[in-house]
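# Coordinate analysis (summary)
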Amino acid sequence: MTKQLYYDSAYLQEWQTTIREVVERAEGVYLLLEETAFYPEGGGQPWDRGTIGGMNVLEVTLEGEQILHKVDRLSLVEPEMTVICRLDWARRFDHMQQHSGQHLLSAVCLQALEAPTLSFHLGEEYATIDIRFDELSWERMEMLEREVNRHIYLNHAISSYFVTAEEAAELPLVKAPKVTSGIRIVEMKDVEYNACGGTHVSSTGEIGMIKLLKAERQKGNIRIYFLCGYRALQEFNEVQRTVNALALKFNTGKADILSRIEKWEQEHKQLQHDLSTQKEINDGYLLRELLSGSTGGVVAYEFEDRSLKDLQQLATKLVAETTLPVLLLAAGENKVVLAQEASEGFSCGAFFKENLSAYNGKGGGNEKMAQAGFGSLEEASAFYEYAKQVLSDR
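Small disclaimer: the values here were computed from a predicted structure and weren't measured.

On to the sheet that holds strand β9 (residues 117-122), then. Pairing between the strands of a sheet comes from backbone hydrogen bonds, and it takes one of two forms, parallel or antiparallel. Judged by pairing direction, the sheet is antiparallel, and its 4 strands sit side by side in the order β9-β10-β15-β14 without closing on themselves. Two strands bound the open sheet, and with one partner strand each, they are β9 and β14 (210-218). The average undirected angle you get between the axes of adjacent strands in this sheet is 20 degrees. Packed on one face of the sheet, helix α2 (residues 89-113) meets β9, β10 (127-131), β14 and β15 (221-228) and runs near 140 degrees to β15. On the sheet, helix α5 (residues 229-249) packs against β9, β10, β14 and β15 and is oriented at approximately 85 degrees with respect to β15.

Structure (structure tokens):
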């Protein structure tokens, strides 16, 4: 059995030990150590990282009573070799802050809302707990946040120790432990007793702060997203940078940003309305110009700067005014649109299907309208000229 040094102290960052066994598997090389402070994944907490004899620790897993350390094998290792192990302390302390913060948040949810925690997940960007509760309003979220941070300021001591099943039965545990021997208790003084095998800070003050991000329904329960310690500080700094950038952009103070954005949205809507109105007017002039200039039994035109969507809308307006087929080329996008009111014996979609492949075009449509895209302007133009000729000769 590997001696688990993280149970003696979660603050151990460097130690010397002996390699007991080198395990080679298809997925990589694993080391068994006499003793380790690398925490294996479990209980919602990810594994630790660091180095063993200069080799990076990629994964730490618990198999039975053995802890396996997956490494990137950079040097020759063998059993009985003595190695120096170093923990990625920033990652470990982050996990300690998040895990202890979770215990505190879960305790407050239980006390204030009578909502037990069903699960905990510690991710790379945020942590979550699922609680048995129907709906969590923003007011209750703020209440929970104030209460957990009040307990942080009270700086309750956090300790861990092992007890027997009989001793555990005498403690007011949050829930019954899953094991019957070697039961490890994490006690947050004056807050809760919890059976837990994870790593924790030594007092609630070391959690730093807890910031609740959001709550959402998840399989009939409520999932709370939160950040603790340095993660919460980093989130605050990122939000502050965004707020400062918005204040600078709108040339206003933080308190007036929302009102300025609302004013900008109204101005933007009015501008869009004015542009749409002007576009309708311009399209009307363009419509008459295209219809009066049509020759050869087809309305055809090439546009340099109009999008496919614009041409589809224009084609719809044109076919409402003429029985002639309408053929438009969007040169900037290498797209072609064909439209015509229902004509006996002719389908826009069928015409495209029959002829597109010869010009490396892809698209389709129905009887009244079809559209296609091409790999180059040359191919699009060639198809456009071919279609114009065929339609003119009908």
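Alright, that's what it looks like, and here's the rest.
In this section: the packing of aromatic side chains. Applying the stated criterion across every chain, the model contains 17 aromatic pairs. Ring centres of Y7 and F162 lie 5.3 Å apart, and the angle between their planes is 80 degrees; this geometry places the pair in the edge-to-face category. Residue Y7 is found in helix α1 (residues 5-8), and its partner F162 is found in strand β11 (residues 158-163); the two are separated by 155 residues along the sequence. Residue Y7 is classed as partly exposed on the basis of its relative accessible area, which comes to 23%.

Let us now look at the sheet that holds strand β5 (residues 50-52). Taken in spatial order, the 6 strands close into a barrel running β2-β3-β7-β6-β5-β8, and their pairing is antiparallel. For this sheet, the mean inter-axis angle between neighbouring strands, taken without regard to orientation, is 45 degrees. Summarising the sheet, strand β2 (residues 14-25) and strand β8 (residues 82-87) pair through 5 bridges and their orientation is antiparallel. The partner of T17 across the bridge, within β8, is V83.

Bringing the confidence of the model for the protein chain into the picture now. This prediction gives the protein chain a mean pLDDT of 92; 99% of its residues lie at or above 70. No element of the protein chain has a lower mean pLDDT than helix α6 (residues 257-292), at 83, and none a higher one than β15, at 98.

Our next topic: the packing of α2 against α5. Relative orientation of the contacting elements α2 and α5 amounts to 90 degrees, with a least axis distance of 7 Å. As the angle between them shows, α2 and α5 are arranged roughly perpendicular. Of the residues in α5, those touching α2 at F93, D94, Q97 and Q98 are G229, Y230 and R231. Its residues placed into classes, the contact of α2 with α5 shows 2 nonpolar, 3 polar and 2 charged.

Turning to a nonpolar patch on the surface, a few remarks are in order. Where nonpolar side chains cluster on the molecular surface, the patch consists of M209, Y230, L233 and F236 and spans about 420 Å² of accessible area. Looking at where Y230 falls in the secondary structure, it is placed in helix α5. Residue class for Y230 comes out exposed when judged on its relative accessible area of 58%.

Once that is clear, we can look at unusual backbone geometry. The phi angle at E114 is positive, at roughly 55 degrees, despite the residue not being glycine. By the secondary structure assignment, E114 is in the loop between α2 and β9. A positive phi angle is found at N155, which is not glycine, with a value near 55 degrees.

What follows covers the pattern of salt bridges. Scanning the entire structure with this criterion turns up 12 salt bridges. Across the pair D130 and R223 runs a salt bridge whose closest N-O atoms are separated by 2.7 Å. Within this pair, whereas D130 is found in strand β10, its partner R223 is found in strand β15, the two being separated by 93 residues in sequence. For D130, a relative accessible area of 8% translates into the label buried. Residue R223 is classed as partly exposed on the basis of its relative accessible area, which comes to 22%. Close ionic contact of K335 with E333 constitutes a salt bridge, the shortest N to O distance being 4.0 Å. When its relative accessible area of 35% is taken as the criterion, E333 is described as partly exposed. One salt-bridge network, held together by shared partners, links R49, R91 and E124.

Conventions and cut-offs
Residues numbered from 1 in each chain as written. Predicted model: local features only at pLDDT ≥ 70, side-chain atom pairs only at ≥ 80, totals over all residues. Heavy atoms only, no water. Pairing = 2+ DSSP bridges. Helix = DSSP H or I, 4+ residues; strand = E, 2+ residues; numbered from the N terminus. Axes fitted to C-alpha atoms, helices over the stretch in contact; angles between N-to-C directions. Contact = heavy atoms within 4.5 Å. Phe/Tyr/Trp six-rings, centres within 6.5 Å; stacked < 30°, edge-to-face > 60°. Buried < 20%, exposed > 50% of the residue type's maximum accessible area, 1.4 Å probe, protein only. pLDDT = per-residue confidence, 0-100. Parallel < 35°, antiparallel > 145°, perpendicular 65-115°, else oblique. Nonpolar A, V, L, I, M, F, W, Y, C, P; charged D, E, K, R; others polar. Patch = residues over 30% accessible without salt bridge, like charges linked within 9 Å, V, L, I, M, F, W, Y side chains within 5 Å. Areas by Shrake-Rupley, 256 points an atom, 1.4 Å probe, with all protein chains shown as cover. Salt bridge = Lys/Arg side-chain N within 4 Å of Asp/Glu carboxyl O.

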